[in-house]
Amino acid sequence: MSVDGHIVLDGVTKAFGENVVVNNIDLNIREGEFFSMLGPSGCGKTTTLRMIAGFEVPTIGTVTLAGEDVTEVPPAKRNVNMVFQAYALFPHMTVQENVEFGLKIKKVKRDEVKSRAAEAISSVQLDGFELRKPAQLSGGQQQRVALARALVNRPAALLLDEPLGALDLKLRKEMQHELKAIQVRTGTTFVYVTHDQEEALTMSDRIAVMNNGIVEQCAVPREIYEHPTTAFVAGFIGTSNIVNMRVDRAVDGVAIMDLSEGQRIVARSSATTGTLQITVRPEKIHLSADGLGDGSSSVGGRISDVMYLGSMTQITVDLPNGDTLTVHRLNDEAAAADPVVGDTISLHWAADNSFVIEGLPSTANGGDASAHDAPESE
């Protein structure tokens, strides 16, 4: 693997006894990017982060930071800082004192301590809060103090282990935008661990989706969402419909499964025979064929569930072959009345929105949680 990345994991495996938690993964994280590791509990993402931090040593493989092999280097000697879900601020110290603490331990000169602390506090937009103590701050402000305390050391990378997990939903969403803004302002490489798909899609430049100790796909958020390469990624990222498609014929690079009464499912593929596994997102399925052309998928089914979700309505449709499709319809002023359970309905989508999944079917549940993937502090 190329080692020109800022953080490079090359063939990294981590086993605890016979339990392989991370299995031969390669990652190349670029300098200055917001990189997320996303997956269910027990998938190996936190263990991977801890190997970058130095709290765990790979069983096999190497970890490189800024061109230097740090596989055996202890945490205190790596130029990285870690932020956990529990902020661990000193309650008796002010914001200023909390941020300065690490620099004082390193015996940095007094004037430099003050200037760097001021810079870090300003970078997280806490000017004016320097004399407050943690108990006088909101959860979001405490989180920003923890970030400033880490950033003040000017690390080559900031490692974040589900730091928003303790916040309520509204504040969590606000802090997603704050975190991304801080990362852009400082230019620091952020490596972020989360099980929250929306969180990863919102903030990340690239996402590594992990499952059972392996990286199933690593790409930009739009690519991960629009073009999942495995059934696990399709099922784990948002809502997706996965259909096993029999290829009856092919026309101009489009595989076609013919159904009864002129209905069909189509997908762009070079396959001319056999079976494909395809995924189509609920928002890509339409109740009308208008504008989709003659080569689009067109299937009929019976509505088994209708769920109002505010900005959209979710419709579940059972197909004659036993498959089920989920459809999202925007609730705009031009929309017709909601369909009714028991009604028959026709569904349509373009061939380009039937994305072929490579490889064998997977599961969206992830593996059993490992006790070694859970720690939030050393």
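Look up a bit, the structure's there.
Residues numbered from 1 in each chain as written. Predicted model: local features only at pLDDT ≥ 70, side-chain atom pairs only at ≥ 80, totals over all residues. Heavy atoms only, no water.

Asks: How should the sheet that holds strand E20 (residues 355-356) be read in this particular structure?
Replies: Consider a sheet: its strands pair through backbone hydrogen bonds, and that pairing is either parallel or antiparallel. With antiparallel pairing, 3 strands are arranged side by side in an open sheet as E11-E15-E20. Here the strands that pair on one side only, and so sit at the sheet edges, are strand E11 (241-246) and E20. Pairing of strand E15 (residues 275-280) with E20 involves 2 bridges; the strand directions are antiparallel. Considered in E20, the bridge of Thr279 is made with Phe355. (Pairing = 2+ DSSP bridges. Helix = DSSP H or I, 4+ residues; strand = E, 2+ residues; numbered from the N terminus.)

Asks: When you look at the packing of helix H4 (residues 139-151) against helix H5 (residues 169-186) in this model, what are you seeing that I'm missing?
Replies: What describes two packed helices is the angle between their axes and the distance between those same axes. Viewed as axis vectors pointing N to C, H4 and H5 meet at an angle of 25°, and their least axial separation amounts to 11 Å. By the angle between their axes, H4 is roughly parallel relative to H5. The chirality of how H4 crosses H5 is right-handed. Residue-level inspection shows Gly139, Gly140, Gln143, Arg144, Leu147 and Leu151 of H4 in contact with H5, the latter providing Leu171, Met175, Glu178, Leu179, Ile182 and Thr186. Taken together, the residues that form the contact of H4 with H5 break down as 6 nonpolar, 4 polar and 2 charged. (Axes fitted to C-alpha atoms, helices over the stretch in contact; angles between N-to-C directions. Parallel < 35°, antiparallel > 145°, perpendicular 65-115°, else oblique. Left-handed = near helix turned anticlockwise from the far one by under 90°. Contact = heavy atoms within 4.5 Å. Nonpolar A, V, L, I, M, F, W, Y, C, P; charged D, E, K, R; others polar.)

Asks: I'm lost on the environment of Ile303 in this one. Help?
Replies: With respect to the helices and strands, Ile303 occurs in strand E16 (residues 297-308). Assessed through its relative accessible area of 1%, Ile303 is described here as buried. Separated by 46 residues in sequence, Ile303 and Met257 have C-alpha atoms that sit 22 Å apart. Excluding its chain neighbours within four sequence positions, the residues that come into contact with Ile303 are Ile315, Thr316, Val317, Pro339, Val340, Val341, Gly342, Asp343 and Ile345. (Buried < 20%, exposed > 50% of the residue type's maximum accessible area, 1.4 Å probe, protein only.)

Asks: Just to check I follow, could you spell out the packing of helix H2 (residues 95-105) against helix H3 (residues 110-123) for this structure?
Replies: Contact geometry for H2 and H3: axes closest at 9 Å, N-to-C directions at 125°. Judged on the interaxial angle alone, H3 and H2 are oblique. In this structure, H2 meets H3 at a crossing whose hand is right-handed. Seen from H2, the contacting residues are Val95, Gln96, Val99, Glu100, Leu103 and Lys104; seen from H3, they are Val113, Lys114, Arg116, Ala117, Ala120 and Ile121. Looking at the contact of H2 with H3 residue by residue, the classes come out as 7 nonpolar, 1 polar and 4 charged.

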